[in-house]
Amino acid sequence: MSDTTTARRHELNLYRRYFDLVAAGQKTIEVRVRYPHLADMAAGDTIRFRIKGTAETCDVLVKRVTAYDDFEALLDGEGPANVNPTASRAQQLANIREIYPPEKEALGALAIEIELIGGQTLAV
């Protein structure tokens, strides 16, 4: 990051099952499609995850962002236990592809390494 770059804050929704893993510090890799609005995400940024439709939030620090061609390559590169320690690789791939159809996966995948800030879930 250059001296002229300012860390940004992103707000993203998460399903309850993944939110709980992040809030517990067990999920260290967040998976996203390589959407244009995420192209500027970088180490040092923060993400506020929210369970859609609730006041529950959880803040994390972005440690690293790595692009992959697809979800299989991402799981192989990052290790399934870092993405979701409660599910097998095959189950994770099925779950991710249920969220993101093939036309979204074709955009590429992002592995966002995260670290919980403060260790607490916040209600705002």
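Everything here concerns the structure above.
Residues numbered from 1 in each chain as written. Predicted model: local features only at pLDDT ≥ 70, side-chain atom pairs only at ≥ 80, totals over all residues. Heavy atoms only, no water.

Asker: Would you mind showing me how to read the overall build of the chain here?
Answerer: In terms of regular secondary structure, the chain is built from five helices and six strands. Relative to its length of 124 residues, the chain is compact, with a C-alpha radius of gyration of 14 Å against a globular reference of 14 Å. Judged by the C-alpha coordinates and their principal axes, the chain covers about 35 × 30 × 25 Å. A total of 124 residues make up the chain; the buried ones form 37% of that total. In the chain, once contacts between residues fewer than 6 apart in sequence are set aside, the share between residues at least 24 apart is 74%. Counting 15 positive and 18 negative side-chain charges, the chain places the centres of these two groups 4 Å from one another. (Helix = DSSP H or I, 4+ residues; strand = E, 2+ residues; numbered from the N terminus. Rg over C-alpha atoms; globule rule 2.2 N^0.38 Å. Buried < 20%, exposed > 50% of the residue type's maximum accessible area, 1.4 Å probe, protein only. Contact = heavy atoms within 4.5 Å. Lys, Arg positive; Asp, Glu negative; His and termini not counted. Charge placed at Lys NZ, Arg CZ, Asp CG, Glu CD.)

Asker: What is the right way to read the packing of aromatic side chains from this model?
Answerer: Within a pair of aromatic rings, the relevant descriptors are the distance that separates the centres and the angle that separates the planes. A full pass over the atoms with the stated rule returns one aromatic pair. Just above the ring of Tyr15 sits the side chain of Arg17; from NZ or CZ to the centre is 6.0 Å. (Phe/Tyr/Trp six-rings, centres within 6.5 Å; stacked < 30°, edge-to-face > 60°. Lys NZ or Arg CZ within 6 Å of the ring centre and 35° of its normal.)

Asker: Which parts of the structure should I look at to understand helix α1 (residues 16-23)?
Answerer: In an α-helix, one turn spans 3.6 residues, which is why side chains three or four residues apart end up on the same side. For α1, every residue scored as buried is listed here: Tyr18, Phe19, Leu21, Val22 and Ala23. Residues of α1 that are buried sit in contact with β3 (46-50), β4 (56-68), α4 (89-99) and β5 (109-116).

Asker: Would you take a moment to explain the nonpolar core for this structure?
Answerer: Proteins that are soluble and globular tend to have nonpolar side chains buried together. Of all hydrophobic cores here, the largest spans 17 residues; its most connected members are Phe19, Val22, Met41, Ile47, Phe49, Ile112 and Ile114. Elements with a contribution of two residues or more to this core: α1, β3, β4 and β5. Ranked by residues supplied to this core, first place goes to α1 with four residues. In contact with Phe49, other than residues within four places in its own chain, are Leu12, Leu14, Phe19, Val22, Glu30, Arg32, Glu56, Thr57, Cys58, Val60 and Ile114. (Core = buried A, V, L, I, M, F, W, Y, C linked by side-chain atoms within 4.5 Å.)

Asker: Looking at this model, I keep getting lost on α4. Mind explaining?
Answerer: Among the residues of α4, those classed as buried are Gln92, Leu93, Asn95 and Ile96. Projection of α4 onto a plane perpendicular to its axis shows the buried side chains occupying an angular sector of 165°, all on one side. α4 presents Ala90 and Glu98 as exposed residues on the side facing more than 90 degrees away from its buried surface. Packed against the buried residues of α4 are α1, β2 (29-33), α2 (71-78) and α3 (80-83). (Arc of directions from axis to C-beta.)

Asker: How should I be thinking about the pairing of β3 in this particular structure?
Answerer: The pairing of strand β1 (residues 9-13) with β3 spans five bridges and is parallel. Its bridge partner lying in β3, His10 is registered against Ile47. Bridge analysis of β3 against β4 gives five bridges, and the strand direction is antiparallel. Bridged to Arg50 within β4 is Thr57. In sequence, β3 turns back onto β4 through a hairpin of five residues, with Gly53 there showing a positive phi of about 80°. (Pairing = 2+ DSSP bridges.)

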